[in-house]
Amino acid sequence: MTRCLDCGSERASDQCAFCGLTSVAAELVLRRRLVRRTAVFLVGIIVFVAAGQVFPALELDSILIFAGLVFFISLALGYWIDFRARKHGEVEAVKRIYFGMIPVPWIFAGLVFLNGKLDTSRPIRVPATVVSKFATGGLPRSRRLVVTSWRYGRRIERIAVDQNDYDRFHQGDDIIVQAQKGALGVPWVYGVFRE
Ligand SMILES: [Zn+2]
């Protein structure tokens with residue numbers, strides 16, 4: 001007994017009794033849907049990264065590592081579905097998981113955006129010293145100032161900054177970091193200033 005690649009119902013003959021597609025047609029429909037939803041997923045990742053640059057979370061690097069894991073696992077699932085469908089194997093369970101992942105980057109992008117946009121908490125201004133800085137190319141491009149931490153039990157913070165701030169601050173500079181609590185409880189950095 002195999003399942004229809006399109007609607008997932010069990011089919012006894014080549015033509016699905018439920019949606020009426022033959023196995024070849026169902027494979028084609030599945031592949032089109034995979035491509036379309038994967039595109040929606042990828043655009044969601046871009047929007048998520050963009051939202052993270054507008055309202056950079058204090059823990060942005062941890063969040064990006066987590067997002068990267070989700071990204072590669074999802075694409076691996078998508079690839080696996082395509083591979084199995086070619087071999088006319090069972091894809092229904094993994095298909096549901098994969099399609100369920102499609103809105104995830106959009107949801108996270110929305111949360112990161114609202115966390116900053118709706119934040120009415122009083123800004124916290126704390127002194128810090130630049131320990132080092134680093135930049136990475138590629139996607140996403142990132143500029144970080146590594147500064148002494150003001151939080152208990154932490155030695156350093158990696159602050160996401162734009163190119164301008166990245167260029168004007170150097171190792172040993174005393175700066176002020178302005179942070180906010182975040183409407184959804186995720187602290188984010190408003191900006192860095194000269195003391
Ligand atoms: Zn069907």
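Residues numbered from 1 in each chain as written. Predicted model: local features only at pLDDT ≥ 70, side-chain atom pairs only at ≥ 80, totals over all residues. Heavy atoms only, no water.

### Overview of the overall build of the protein chain
Next up, step 1: Helix and strand content of the protein chain: 5 helices and 7 strands.
Next up, step 2: When the helices and strands of the protein chain are listed from N to C terminus, the series reads β-β-α-α-α-α-β-β-β-α-β-β.
Next up, step 3: Here the protein chain has a C-alpha radius of gyration of 23 Å; the compact-globule value for 195 residues is 16 Å, and the former is much larger.
Next up, step 4: Within the span of the protein chain, comprising 195 residues, buried residues form 38% of the whole.
Next up, step 5: When contacts within the protein chain are restricted to residue pairs at least 6 apart in sequence, those whose partners lie at least 24 apart make up 55%.
Next up, step 6: Only carbon and sulfur atoms are counted for the fraction: they give 63% of the accessible area of the protein chain, which is about 11500 Å².
Next up, step 7: Separation of charge centres in the protein chain, based on 26 positive and 17 negative side chains, amounts to 2 Å. (Helix = DSSP H or I, 4+ residues; strand = E, 2+ residues; numbered from the N terminus. Rg over C-alpha atoms; globule rule 2.2 N^0.38 Å. Buried < 20%, exposed > 50% of the residue type's maximum accessible area, 1.4 Å probe, protein only. Contact = heavy atoms within 4.5 Å. Areas by Shrake-Rupley, 256 points an atom, 1.4 Å probe, with all protein chains shown as cover. Lys, Arg positive; Asp, Glu negative; His and termini not counted. Charge placed at Lys NZ, Arg CZ, Asp CG, Glu CD.)

### With respect to the pattern of salt bridges
Next up, step 1: In this structure the tally under the stated criterion is 15 salt bridges.
Next up, step 2: Across the pair D61 and R144 runs a salt bridge, and its minimum N-O distance is 2.8 Å. With D61 in helix α2 (residues 60-86) and R144 in strand β4 (residues 142-148), this residue pair connects regions lying 83 residues apart in the sequence.
Next up, step 3: With a relative accessible area of 25%, D61 lands in the partly exposed category.
Next up, step 4: A salt bridge links D82 to R86, with the nearest nitrogen and oxygen atoms 3.0 Å apart. One end of the pair, D82, and the other, R86, are both in helix α2, 4 residues apart, so they sit about a helical turn from each other. (Salt bridge = Lys/Arg side-chain N within 4 Å of Asp/Glu carboxyl O.)

### Overview of the nonpolar core
Next up, step 1: By size, the foremost hydrophobic cluster in this structure holds 16 residues, and its most contacted members are L5, L30, I81 and Y98.
Next up, step 2: Looking at this core, the elements with two or more residues in it are α1 (23-54), α2 and α3 (92-101).
Next up, step 3: Counting residues per element, this core draws most heavily on α1, at 5 residues.
Next up, step 4: What Y98 contacts, discounting residues up to four positions off in sequence, is L34, T38, S74, L75, L77, G78 and I81. (Core = buried A, V, L, I, M, F, W, Y, C linked by side-chain atoms within 4.5 Å.)

### Side note on the coordination of the zinc ion
Next up, step 1: Distances from the zinc ion to its protein donors, C4 (SG), C7 (SG), C16 (SG) and C19 (SG), fall at 2.3 Å.
Next up, step 2: Its 4 donor atoms give the zinc ion angles of 105 to 116° at the centre, a pattern that matches the tetrahedral case.
Next up, step 3: If you list the donors of the zinc ion from N- to C-terminus, the spacing comes out as C-x2-C-x8-C-x2-C. Highlighted residues: C7 in the loop between β1 (2-3) and β2 (10-11) and C19 in the loop between β2 and α1, separated in sequence by 12 residues. (Donors = N, O, S within 2.8 Å, 3.2 Å for Na, K, Ca; no water. Tetrahedral: all angles 85-135°; square planar, octahedral: opposite > 155°, others 65-115°.)

### Let's talk about the layout of surface pockets
In this approach, a probe sized like a water molecule rolls over the atoms, and the result shows the empty space that is left.
Next up, step 1: Of the pockets and cavities examined, the largest pocket occupies roughly 460 Å³.
Next up, step 2: Taken together, 24 residues line the largest pocket, and the ones lying closest to its centre are Q53, P56, A160, V161 and D162.
Next up, step 3: Sort the elements by how many residues they give to the lining of the largest pocket and strand β7 (residues 188-194) lands first, with 6 residues.
Next up, step 4: Counted by class, the lining of the largest pocket contains 15 nonpolar, 4 polar and 5 charged residues. (1 Å grid on protein atoms, 1.4 Å probe; cavity = no way out; pocket = protein on both sides within 12 Å on 5 of 7 lines; lining within 4 Å. Points joined across faces, edges and corners; volume = space filled by probe spheres on them. Nonpolar A, V, L, I, M, F, W, Y, C, P; charged D, E, K, R; others polar.)

### Here's the deal with the packing of α1 against α3
Next up, step 1: For the pair α1 and α3, interaxial distance at closest approach is 9 Å and the crossing angle is 30°. Classified by the interaxial angle, the pair formed by α1 and α3 is roughly parallel. Here L30, R33, L34, R37, T38 and F41 of α1 come into contact with α3, specifically with K95, Y98, F99 and M101.
Next up, step 2: For the contact of α1 with α3, the class distribution of residues is 6 nonpolar, 1 polar and 3 charged. (Axes fitted to C-alpha atoms, helices over the stretch in contact; angles between N-to-C directions. Parallel < 35°, antiparallel > 145°, perpendicular 65-115°, else oblique.)

### Focus on the sheet that holds strand β3 (residues 124-136)
Next up, step 1: In spatial order, the strands read β5-β4-β3-β6-β7; together these 5 strands make up an open sheet with antiparallel pairing. At either margin of the open sheet sits one strand with a lone partner, and together these are β5 (156-160) and β7. Neighbour to neighbour, the strand axes of the sheet diverge by 45° on average, direction disregarded.
Next up, step 2: For strand β6 (residues 174-180) and β7, the ladder comprises 6 bridges, and the chain directions are antiparallel. Of the residues in β7, the one forming a bridge with I176 is F193. (Pairing = 2+ DSSP bridges.)

Function cannot be inferred from these measures alone, as they are strictly geometric.
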